[in-house]
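So the chains spell out like this:
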Amino acid sequence: MLVKRAFNTIVHVLLSFFIWLPRRSISISLLQLHFALFAGCLLNFFKKNAFFPQKLANLQAKTKKGRRLIETFEKIINTSDFQARSTVLLKRALLAFYQRKLLSIPLLATELGVSIPTAGRLAAILTSNHFVRLIGEGPSGGGRKPRIYQIDEQNWFTLAVDAGREHLRIALFNLNDQKKAESISTLPLESSMQYLEATVSHIKRFLVRHHLKPAQVLGIGFAVPGLINTQTGRSLVHFTGFLRPVNDMLADMTGIPVVMDNDARLMAKGEASFGKAQHAQNAIYLFLDRGVGAGLLINGEIYKGTHGFAGEFGHTHFLGNKNNICYCGQTDCLETYTNLRALEEEALRMGFTASATGDVWVNIIEASWRGDRVAMDAIAEIGRRLGLALVNLVHLIDPEIIIIGGSLAMAGNVLTHSIYNTLRENAMHAFREDLRLELSGMGQDACLAGCHAMVMKNFFANV
Ligand SMILES: [Zn+2]
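Residues numbered from 1 in each chain as written. Predicted model: local features only at pLDDT ≥ 70, side-chain atom pairs only at ≥ 80, totals over all residues.

**Thoughts on the environment of Lys-269**
- For Lys-269, the location among the structural elements is in helix α10 (residues 263-274).
- Put simply, Lys-269 and Tyr-285 are 16 residues apart on the chain and 9.0 Å apart in space, counted from C-alpha to C-alpha.
- Residues contacting Lys-269, with those up to four places away along its chain left out, are Gly-295, Ile-302, Gly-450, Ala-453 and Met-454. (Helix = DSSP H or I, 4+ residues; strand = E, 2+ residues; numbered from the N terminus. Contact = placed C-beta atoms within 7 Å.)

**Structural notes on helix α7 (residues 116-128)**
- With 13 residues, α7 ought to run about 18 Å at 1.5 Å a step, and its terminal C-alpha atoms sit 18 Å apart, in line with that.
- Among the residues of α7, those classed as buried are Ala-119, Arg-121, Leu-122, Ala-123, Ile-125 and Leu-126. (Expected span 1.5 Å × (residues − 1). Buried ≥ 20, exposed ≤ 12 C-beta atoms within 10 Å, placed from the backbone.)

**With respect to the environment of Ala-123**
- Along the polypeptide, Ala-123 turns up in helix α7.
- Take Ala-123: there are 25 C-beta atoms within 10 Å of it, and that puts it in the buried class.
- Spatially, the C-alpha atom of Ala-123 lies 7.7 Å from that of Tyr-149, the residues being 26 residues apart in sequence.
- Filtering out sequence-adjacent residues up to four positions away, Ala-123 remains in contact with Ile-105, Leu-108, Val-132 and Tyr-149.

**Quick look at the packing of helix α14 (residues 373-397) against helix α15 (residues 413-426)**
- The contact between α14 and α15 brings their axes to 7 Å, and the two run at 40°. Here α14 lies oblique to α15, going by the angle between them. At the point where α14 passes α15, the crossing takes the right-handed sense. On α15, the residues touching Met-376, Ile-379, Ala-380, Gly-383, Arg-384, Leu-386, Gly-387, Leu-388, Leu-390, Val-391 and Val-394 of α14 are Val-414, Leu-415, Ser-418, Ile-419, Thr-422, Leu-423 and Asn-426.
- Considered class by class, the residues forming the contact of α14 with α15 number twelve nonpolar, five polar and one charged. (Axes fitted to C-alpha atoms, helices over the stretch in contact; angles between N-to-C directions. Parallel < 35°, antiparallel > 145°, perpendicular 65-115°, else oblique. Left-handed = near helix turned anticlockwise from the far one by under 90°. Nonpolar A, V, L, I, M, F, W, Y, C, P; charged D, E, K, R; others polar.)

**Overview of the packing of α10 against helix α17 (residues 445-459)**
- Packing of α10 against α17 leaves a shortest axis separation of 6 Å and a crossing angle of 80°. In terms of orientation, α10 and α17 fall into the roughly perpendicular class. Here Asp-263, Leu-266, Met-267, Lys-269, Gly-270, Glu-271, Ser-273 and Phe-274 of α10 lie close against α17, whose contacting residues are Asp-445, Ala-446, Cys-447, Ala-449, Gly-450, Cys-451, Ala-453 and Met-454.
- Of the residues that constitute the contact of α10 with α17, the class distribution is nine nonpolar, three polar and four charged.

**Quick look at unusual backbone geometry**
- Positive phi is not limited to glycine here, since Asp-177 has a value of about 65°.
- Here Asp-177 lies in the loop between β5 (167-174) and β6 (179-186).

**Structural notes on the sheet that holds strand β2 (residues 132-137)**
- Across the sheet, three strands lie side by side as β1-β3-β2; this open sheet has antiparallel pairing. Whereas interior strands pair on both sides, the edge strands pair on one side only; in this sheet they are β1 (102-104) and β2. With direction set aside, neighbouring strand axes in the sheet form an average angle of 30°.
- With three bridges joining them, β1 and strand β3 (residues 147-151) adopt antiparallel strand pairing. What sits directly across from Leu-103, in β3, is Tyr-149.
- Running over the sheet, helix α6 (residues 105-112) touches β1 and β3 and is turned about 95° from β1.
- Where α7 meets the sheet, its contacts fall on β2 and β3, and the angle it forms with β2 comes to roughly 120°. (Pairing = 2+ DSSP bridges.)

What follows is the structure, given as structure tokens:
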């Protein structure tokens, strides 16, 4: 190929020269045309003969261990169109490894629609940057044995940071989607600069404890309760006094890219990526705690709505009782009938005697485990209310599964039976005949796993 292209280039140059030679009075514009043709041939010759790929490989080889590949990606993007195409290809190759975890070079070539040598070169670049590693050779299909690579789980990570109302949870995930470490600290959520500084300090200490540099973290997934506008990165409930979006401020303070979303939606994302909604296209994740929220999986994607506010199931109106005042400023919100406080009020109204220690709702749930009739009836009443509200949502969304999470999920079968019976009595048969209603198997990990999934999705955006 090399000889052929060189020959073609020389022939074209000679032809251009001989065409020009007999016409001594050639115009300037014709001369310019010949020059352009000549330059085009030369450029074509260099482009197609591994000159630029070699430069790319050299650039990658110089990349020191621990240096961020993203920076290298950006460097390459800025140099030429040809290399920009290679950069996208490199990320697509990494995405293929991330999704499959294990791939041979021929399979990678098929997946990306490239030649086997190109796939081998991409795998080599990813190996030198510790994204994948060679694990051996597969059986030969007649020719050379194919080299097999898998995701390298030792060098690159994501951080999940869950800013709960009382606690800050930080978790480390590798590129095999495994949670490798976690820490929980008491840090009540506040909309202050001191809170952000304390969060950053916890993140930095966490990284030091696990011998990691910020450059090894592909991104931080930041979970915050309440309304969040995912387009502007602004929370409408917390950090409202800041001039800049809180995720940008966190990114500047940590040196790591930060993506932020509402906690209930991230729990739904965790369940959809790794939990019970993993193979579902349409699902409802119901978060039942001090607040009530929902994450809606529609056609395989978490639904965000026009402003990124979708899923505020707790603030839908319920019975028309104008005396039920919600913290959001409205009255009659479903949350005021079905959150932990509502459970406490209902149980006490029914005559439940709380013990002197601990939260009343914890007393009620523990009593229900022992078969306490009043506790079980109070939980069933909350379930009945949730079931009535869910009838509307089920008819709107037509889900395959409803997953119950949050502290109220600890009430277990007493709660789910009551919700299910109410749905059975009030929803159309066709909507509920194969509808599953299950307790979350991930617990609080759903939110952390959702943060990790969000960071990875963001990392592979536009690939
Ligand atoms: Zn409300």
